Amino acid sequence: MTTLLAGKTAIITGAASGIGLATTERFLRDGAAVVLVDNQFDAVDRETKRLKDEGFRVVGVGADVVDSSDIRHAFEKGVARFGRVDIVYANAGVGYTGTIVDTSDDDWDLVMGVNAKGVFITAREAVKQMLAQKPPGGSIILNASISGLVGIPGQAPYAPSKGAVVQLTRQLAVEYAAKGIRVNAVCPGTVDTPLLRRAMAMSPDPDAFLAMLVAGHPIGRIGLGEEIAAAVAFLASDQASFVTGAILPVDGGYTAR
Ligand SMILES: NC(=O)c1ccc[n+]([C@@H]2O[C@H](COP(=O)([O-])OP(=O)(O)OC[C@H]3O[C@@H](n4cnc5c(N)ncnc54)[C@H](O)[C@@H]3O)[C@@H](O)[C@H]2O)c1
């Protein structure tokens, strides 16, 4: 338990699994209240109850990030319960493995819809709330990926969806810096989450697939959700008061090659 985020309220999307759940737990242990948002309704109920039973201040909201009324409702619920929103982590995303030839129009729409439009909708609601509250301001963190920074084979719609997140970060950072809103992005390397496990299960040789992923990371392993959460907690906190528009790789050196 720390006081890094004491007194702050956070909204986290995709918070019922993987990196989002690890970040929810990290924020709660750092003293924040958290609105846990996800479209897996059962998991929202289960994780919210578990964390409440541990004594944390957490509210669960079942919501789809591509539905702007759902996301508006999540913010309204957070403000009604905790009074304001200091931190928003737009983390919800879907994976995809395939070349451009494998990618149907529907695949493109799904991946761009959740990973780019969903982040746009969440960030728009965050900016509106952070401008309106007294005093105004806050910290927004968008989840991109190493795929938003470098070309990686087999990421046909995923890479452009994460590239959009990287550029949205820069655009919002310069637009709202003077209003007290900081906007940064994290770019995780491969992280051991249910998303990765699903991709491994679809591979003809999961062990070889994992070994190939590990080989891309100079640090010699893939990451943990907690390691992404630690970077997000820093960006969310007042320790990062002069950090905005940063695109932070948390990738074991993947993009340093
Ligand atoms: N795992 C990795 O290797 C890795 C690497 C780089 C970036 N990322 C990114 O990190 C983020 C989290 O990924 P993860 O690995 O924790 O995956 P995950 O599948 O474990 O968790 C993602 C969560 O997002 C939720 N979600 C998906 N679509 C949603 C929607 N439309 N509305 C609301 N919630 C939705 C899911 O229900 C799930 O709980 C994603 O944006 C992903 O692209 C992951």
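Refer to the structure presented above.
First, a word on scope: everything that follows refers to the structure included in this document.

How each quantity is defined
- The residue numbering used here restarts from 1 in each chain and proceeds along that chain's sequence as written.
- Confidence filtering applies because this is a predicted model: local features only for residues at pLDDT of at least 70, side-chain atom pairs given and counted only at 80 or more, and all residues used for totals across whole chains, interfaces and linings.
- Each side-chain value is derived from all of the structure's non-hydrogen atoms; neither hydrogens nor water enter the calculation.
- Helix and strand definitions here come from DSSP, where helices need a minimum of 4 consecutive H or I residues and strands a minimum of 2 consecutive E residues; each element is numbered from the N-terminal end.
- The reference for a compact globule is 2.2 Å times residues^0.38; the radius of gyration itself is calculated from the C-alpha atoms.
- Note on classification: 1.4 Å probe, protein chains only; a residue is buried when its accessible area is under 20% of the maximum for its type, exposed when over 50%, partly exposed between these limits.
- Only heavy atoms enter the contact rule, under which two residues are in contact if any of them lie within 4.5 Å.
- Computed with the Shrake-Rupley method and a 1.4 Å probe, the accessible areas treat only the protein chains shown as cover for residues.
- The nearness test applies per residue and asks whether one of its heavy atoms lies within 4 Å of the molecule or strand.
- Polar contact criterion, stated in full: a pair of N or O atoms within 3.5 Å, where within protein one must be able to donate a hydrogen and the other to accept it, and residues adjacent in sequence count only if both atoms are side-chain atoms.
- Comment: axis = line fitted to C-alpha atoms, over the contacting stretch for helices; angle = value between 0 and 180 degrees taken between N-to-C directions.
- Should the near helix be turned anticlockwise from the far one by less than a right angle, the crossing is termed left-handed; should it be turned clockwise, right-handed.
- Three classes are used, and their members are as follows: Ala, Val, Leu, Ile, Met, Phe, Trp, Tyr, Cys and Pro are nonpolar, Asp, Glu, Lys and Arg are charged, and the others, Gly among them, are polar.
- The salt bridge criterion pairs a side-chain nitrogen of Lys or Arg with a carboxyl oxygen of Asp or Glu, the two atoms within 4 Å.

Comments concerning the overall build of the protein chain
Here is step 1 of the chain: A tally of regular secondary structure across the protein chain gives eight helices and seven strands.
Here is step 2 of the chain: A globule of 257 residues ought to have a C-alpha radius of gyration of about 18 Å, and the protein chain, at 17 Å, matches this closely.
Here is step 3 of the chain: Projecting the C-alpha coordinates of the protein chain onto the three principal axes gives extents of approximately 50 × 40 × 35 Å.
Here is step 4 of the chain: Each of the 257 residues in the protein chain was classed as buried or not, and the buried ones make up 50%.
Here is step 5 of the chain: Restricting to contacts in the protein chain with at least 6 residues of sequence separation, those with at least 24 account for 72%.
Here is step 6 of the chain: Accessible surface computed for the protein chain: about 11700 Å², of which carbon and sulfur atoms make up 57%.

A look at the site of the ligand
Here is step 1 of the chain: Of all residues adjacent to the ligand, which total 28 residues, the nearest are S17, D38, Y158, V191 and T193.
Here is step 2 of the chain: I19 places a main-chain nitrogen or oxygen 2.8 Å from an oxygen atom of the ligand.
Here is step 3 of the chain: Note that an oxygen atom of the ligand is positioned 2.8 Å from one of the backbone N or O atoms of N91.
Here is step 4 of the chain: Burial of the ligand by the protein amounts to 94% of the accessible area it has alone, namely 830 Å².
Here is step 5 of the chain: Of all elements in the fold, only α1 (18-29), α5 (158-176) and α6 (194-202) reach the threshold of two or more residues within the shell around the ligand.
Here is step 6 of the chain: For the shell around the ligand, the element with the highest residue contribution is α6, accounting for three residues.

Considerations on the packing of helix α3 (residues 68-82) against helix α4 (residues 105-132)
Here is step 1 of the chain: Between α3 and α4, whose axes approach to 10 Å, the crossing angle comes to 40 degrees. Seen from above, α3 lies across α4 with right-handed handedness. Here S68, I71, R72, F75 and V79 of α3 lie close against α4, whose contacting residues are I121, T122, R124, E125, A126, K128 and Q129.
Here is step 2 of the chain: Residue composition of the contact of α3 with α4, by class: five nonpolar, three polar and four charged.

So, the pattern of salt bridges
Here is step 1 of the chain: With the rule as written, the count across this model stands at eleven salt bridges.
Here is step 2 of the chain: The closest approach of N and O atoms between D238 and K8, which form a salt bridge, is 3.2 Å. Residue D238 is found in the loop between α8 (225-236) and β7 (247-250), and its partner K8 is found in the segment before β1 (9-13); the two are separated by 230 residues along the sequence.
Here is step 3 of the chain: The salt bridge partner of E25 is R50, with a shortest N-O separation of 2.5 Å. In this pair, E25 is assigned in helix α1 and R50 in helix α2 (residues 41-53), connecting sequence segments 25 residues apart.
Here is step 4 of the chain: The exposure class of E25 is partly exposed, given its relative accessible area of 22%.
Here is step 5 of the chain: On the accessibility criterion, R50 (32% relative accessible area) is partly exposed.
Here is step 6 of the chain: What you see here is one network of salt bridges that share partners, running through E25, R46, E47, R50 and E54.

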